[in-house]
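Residues per chain, in single letters:
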Amino acid sequence: MQKLYYFGMAIKYNGNTKTFYLSGKSFAYVFGVNQFGYLQNYHFGKPVDVADDLSYMFVPVERGLAASIPDSAGRHNGLDTMPLEYPFFGGSDMRHGAFLSVSDTGLRQEDLRYKSHKITKDKPSIKGLPSLRRGGQTLIITLASKAVEVKLFYTVYEDCNTIARRTVIKNIGYKNLKLERVASLSLDLPNMNYDMVSLWGKHCGERHIERAPLRKGIQSVYSLRGASSPHFNPFLALCDPNADERQGNVIGISYIYGGNFLMSCECDFVGGTRIYAGFPDFDFGYNIHKGESFETPETALVFSDTGFGGMSRSYHDLYRGYLINPNFASNPRPIVINNWEATYFDFDDDKLCKIVDAAAPLGIDTFVLDDGWFGKRNSDTSGLGDWYVNKNKLHNGLTTIINRCKDKGMKFGLWFEPEMISEDSDLFRTHPEWRMQVPNAKPSPSRSQYVLNLSRQDVVDYLKQTLGDMLRTHDISYVKWDYNRHITDVHCTLLPPEKQQEILHRYMLGFYELVEYLTTTFPHVLFEGCSSGGGRFDPSMLPYFPQHWTSDNSDAWARTFIQYGTSLCYPLSSMAGHVSVCPNHQTGRNTPLESRGIMASLCAFGYELDISQMSDHERAIVKTQIEVYRRDISPLILNGDLYRLKSPFEGNLVNNSFAFLVVSKDKQKALLAYMQGTSECSPAPKTLKLDGLNPRQKYKLSRVHFDPATKNRKPLGGFPSAYTDSFDTIALSGSTLMSCGVPLPSFGWDFGAVMYLVEQV
């Protein structure tokens, strides 16, 4: 009789074949212990029958120049082409492994074989690192050599088609073990017939989509900057060559860590693919003494058989439900007015109060005071670290502006950059040793500032006390946390030479300790992350920062690219977007106020301009934008399903466009946003097919008029009007809207945008 044991719905174990079956709504992940004691992957993809033994999928074949497993009785029995769950350095596997270490005796090879496993109902926490909450069952497998234990954790989130993976390394036999390469996740796939999709970027141009077929060798994304960075996001996807938004198999890998990382795909000489997600093997080393353990960050592995749209909706549900701070995940966010682009460093109480006075009647509920309020901070050359109020600008401290906000029924927010220090600051004059720098070498400035060494506990404790005192003594409901440079001159005088390669990870542990303390001590305060915009926009920020300043580039057309790419992995509610002035301060481009409002409303919404200088007509538009956002848009941004209908990455400035459709979970209501590029003469008619609706339900489309004047606006130059409301009296079925679509307006001006509410009737 077959020895088949079932442990719940998500994780099943066949004791006869030593096979593990992990499954969600539409995926199966299958691996087992082979005859040699190695953990071998059999399948990751669409569901399979748990009664089937999938070990037949791998057929060992002798390979030229390949070594075999010792005492395996066959030259074809080598690790070089075997699909392994957690490969190690040395032996007969000559690919890049998931694990590499060196012991105090000089040994570098650990033969990691299956030792035991257990299945738990609850997900164990990760010490000192952010991770997904709760979750379903967790499978814990222990691999071991004579001196090292490696525990592999697999937590299944069935509702999100996700497996959360991580690793714990324990030194059980050496006096000291130095880790040089450690993966949270390693996954071997049987072929290389995939496209690799990544998110690359730069300052003011974050998270643009890059897609290319896999090729022999190694393709990777990484950061060596001390932060996840705008240049590569800790996200990868592998997809069928024909996969698009609606169809095709897609594997997503999202690394929940904000420091240096490496994510790679290695395609070997027989066409297999090995995925690595973990610490980089350049300038990384971590020492653990006998009896000590090292925990890796978590990686969220998603499978979709409904294209990129299905993958993204899984990530959005996962991060909203299990990662973003639950105090804010589904609750309406503040609508802010930020003074940065209105005043920069040049402000006083009068200027700030004028902005508050103009903002309050329009429905804006929070005023955020940005950089320049503290220390001797009249430019970006001084003051960082001195978190006390500059009374030359604000004579009564923060009291005047906070009281003005209260009088107008508004809340108050404040900007900090806690991880930085200026040479011209009282803090540096008192504690020069707190700056990250190499002894006897002049450190590299960036933006006239330097990094505080958060690998030091005394620095973390100082920031806990200083920021805590500010939040305790002032009525602050919102904090904008900035981080405007990356880390150079890496050294810590408190650590011995053999531990210097630990500093950047220790820095992140100190950062997580700091923000964990602040967000739990002040649970009513919404912390928004920022790093010169989106320079540290990664999953590990979400437990502390429910939303992140998506980019310093607030130009509406540039934001179509940034927000489209970001949405591949991150929910709309995690992005912050503001309406700013034109010409735009970053690009010099002019876009209509209505278009700027539509793009910003696809995020956590706000304004960044001197609203007191706007005309009455512009203020009327702003008031309407806020009313519509709060009533109709915000609930969908917080909880809806995103369907990307038009990509700005396809085409050129004249013929490309952007369209998002956000559908409520019950499919009763949706929001359609469309933006075109530049205007053209004699445009061809355009239609847009919707998605995600109930095919049997009738819907009505209503044009959202942000501008009171648009209802009577005449067509320009013979163009058809962009503001016809022909849908208002028509009820169409979901099947018709998804099969036939709706006609799109043609604008007689550049960067026109339109928004429709789609409601069941």
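Residues numbered from 1 in each chain as written. Predicted model: local features only at pLDDT ≥ 70, side-chain atom pairs only at ≥ 80, totals over all residues. Heavy atoms only, no water.

(A) The overall build of the protein chain, seen in detail. What the protein chain contains, in helices and strands, is eleven helices and 39 strands. In terms of overall dimensions, the protein chain is globule-like: its C-alpha atoms have a radius of gyration of 27 Å, near the 27 Å expected for 761 residues. Projected onto the principal axes, the alpha-carbon positions of the protein chain cover approximately 85 × 70 × 40 Å. When each of the 761 residues of the protein chain is scored for burial, the buried share is 63%. (Helix = DSSP H or I, 4+ residues; strand = E, 2+ residues; numbered from the N terminus. Rg over C-alpha atoms; globule rule 2.2 N^0.38 Å. Buried < 20%, exposed > 50% of the residue type's maximum accessible area, 1.4 Å probe, protein only.)

(B) Quick look at the confidence of the model for the protein chain. Confidence along the protein chain averages 93 in pLDDT terms, with 96% of residues attaining 70 or more. Below pLDDT 50 for its whole length, residues 1-8 participates in 17 contacts with residues either more than four positions away or in separate chains. Predicted confidence for residues 712-723 stays below pLDDT 50, and this span has 26 contacts to residues more than four positions away or in other chains. (pLDDT = per-residue confidence, 0-100. Contact = heavy atoms within 4.5 Å.)

(C) Molecular detail of the environment of Asp49. Here Asp49 shows up in the loop between strand S5 (39-45) and strand S6 (99-103). Along the backbone, Asp49 and Gly397 are 348 residues apart, and their C-alpha atoms lie at a distance of 68 Å. Looking at Asp49, its side chain comes within polar contact range of the main-chain nitrogen of Ala51, at 2.8 Å. (Polar contact = N/O pair within 3.5 Å; in protein donor to acceptor, adjacent residues only side chain to side chain.)

(D) Focus on the nonpolar core. If you look at the biggest cluster of nonpolar residues, it comprises 205 residues, and the most contacted ones within it are Tyr86, Phe367, Trp373 and Ile611. When residues in this core are grouped by element, the largest group, nine residues, is from helix H7 (residues 503-521). Contact partners of Trp373, with chain neighbours within four places excluded, come to Phe347, Trp387, Tyr388, Val389, Asn390, Leu394, Leu414, Trp415, Phe416 and Met470. Judged by nonpolar contacts, the second largest core, of 22 residues, contains Tyr643, Leu688, Val742 and Val754. (Core = buried A, V, L, I, M, F, W, Y, C linked by side-chain atoms within 4.5 Å.)

(E) Spatial organisation of helix H10 (residues 616-639). Given a rise of 1.5 Å per residue, 24 residues ought to cover 34 Å, and the 34 Å separating the end C-alpha atoms of H10 matches this to within 8%. Ile633 marks the point of greatest bend in H10, at about 55 degrees, and the proline Pro635 comes within the next four residues. (Expected span 1.5 Å × (residues − 1). Bend = angle between axes of the 7 residues up to and from the residue.)

(F) A look at the sheet that holds strand S23 (residues 366-369). One closed barrel holds the eight strands; their spatial order is S22-S23-S24-S27-S28-S29-S30-S31, and the pairing between them is parallel. Across the sheet, the mean angle from the axis of one strand to that of its neighbour is 30 degrees, orientation sign disregarded. Here H7 sits on the sheet in contact with strand S27 (478-481) and strand S28 (526-529), set at roughly 170 degrees to S27. The sheet contacts of helix H9 (residues 593-600) involve strand S30 (575-580) and strand S31 (604-608), and relative to S30 the element is tilted by about 170 degrees. (Pairing = 2+ DSSP bridges. Axes fitted to C-alpha atoms, helices over the stretch in contact; angles between N-to-C directions.)

(G) Quick peek at a nonpolar patch on the surface. Taken together, the side chains of Tyr222, Leu224 and Phe282 present a nonpolar region at the surface, about 320 Å² in accessible area. Note that Phe282 resides in the loop between strand S18 (273-278) and strand S19 (286-289). A relative accessible area of 57% places Phe282 in the exposed class. (Patch = residues over 30% accessible without salt bridge, like charges linked within 9 Å, V, L, I, M, F, W, Y side chains within 5 Å. Areas by Shrake-Rupley, 256 points an atom, 1.4 Å probe, with all protein chains shown as cover. Salt bridge = Lys/Arg side-chain N within 4 Å of Asp/Glu carboxyl O.)

(H) Helix H1 (residues 307-322), seen in detail. The first and last C-alpha atoms of H1 sit 23 Å apart over 16 residues, in line with the 22 Å expected at 1.5 Å per residue. Counting buried residues in H1 gives 14 out of 16 residues, a clear majority hidden from the surface.

(I) Here's a closer look at the sheet that holds strand S34 (residues 669-676). An order of S32-S33-S34-S39-S36-S37 is seen for the six strands of this open sheet, with the pairing classed as antiparallel. Of all the strands in the sheet, just strand S32 (641-646) and strand S37 (731-733) have a single pairing partner and so form its edges. Ignoring strand direction, the axes of neighbouring strands in this sheet form an average angle of 25 degrees. Bridge count for strand S36 (residues 698-703) against S37 is three bridges, and the pairing is antiparallel. If you follow Lys698 over to S37, its bridge partner there is Ser733. In this fold H9 packs onto strand S33 (657-663), S34, S36 and strand S39 (753-760), with an angle of close to 50 degrees to the strand it touches most, S39. Across the sheet, H10 is in contact with S32, S33, S34 and S39; its angle to S34 comes to roughly 95 degrees.

(J) Quick peek at the packing of helix H8 (residues 556-566) against H9. At a closest axis distance of 9 Å, the pairing of H8 and H9 adopts a crossing angle of 20 degrees. Of the possible angle classes, the one that applies to H8 and H9 is roughly parallel. Of the two possible hands of crossing, H8 and H9 adopt the one that is left-handed. Touching Ala556, Arg559, Thr560 and Gln563 of H8 are Ser595, Arg596 and Met599, all from H9. Among the residues making up the contact of H8 with H9, the classes are represented as two nonpolar, three polar and two charged. (Parallel < 35°, antiparallel > 145°, perpendicular 65-115°, else oblique. Left-handed = near helix turned anticlockwise from the far one by under 90°. Nonpolar A, V, L, I, M, F, W, Y, C, P; charged D, E, K, R; others polar.)

(K) View of the packing of H9 against H10. Contact geometry for H9 and H10: axes closest at 11 Å, N-to-C directions at 20 degrees. The angle between H9 and H10 places the two elements in the roughly parallel class. Between H9 and H10 the crossing geometry is right-handed. Residues Leu593, Glu594 and Gly597 of H9 touch H10, and the partners they reach there are Glu618, Ile621 and Gln625. The class makeup of the residues in the contact of H9 with H10 is two nonpolar, two polar and two charged.

(L) Structural view of the layout of surface pockets. What the largest pocket holds in volume is close to 880 Å³. Lining the largest pocket we find 36 residues, and of these Ile126, Lys127, Gly128, Leu129 and Leu509 sit closest to its centre. Mapped by element, the contributors of at least two residues to the lining of the largest pocket are S19, strand S20 (293-295), helix H6 (457-473) and H7. Of the residues contributing to the lining of the largest pocket, the split by class is 14 nonpolar, 13 polar and nine charged. (1 Å grid on protein atoms, 1.4 Å probe; cavity = no way out; pocket = protein on both sides within 12 Å on 5 of 7 lines; lining within 4 Å. Points joined across faces, edges and corners; volume = space filled by probe spheres on them.)

(M) Region of interest: the packing of aromatic side chains. Considering all chains together, one arrives at 45 aromatic pairs under this definition. Centre to centre, the rings of Phe537 and Tyr570 are 5.0 Å apart; their planes meet at 65 degrees, and the pair counts as edge-to-face. With Phe537 in the loop between S28 and strand S29 (547-549) and Tyr570 in the loop between H8 and S30, this pair connects stretches of sequence that are 33 residues apart. Tyr570 shares its class with Phe537; the two are buried. (Phe/Tyr/Trp six-rings, centres within 6.5 Å; stacked < 30°, edge-to-face > 60°.)

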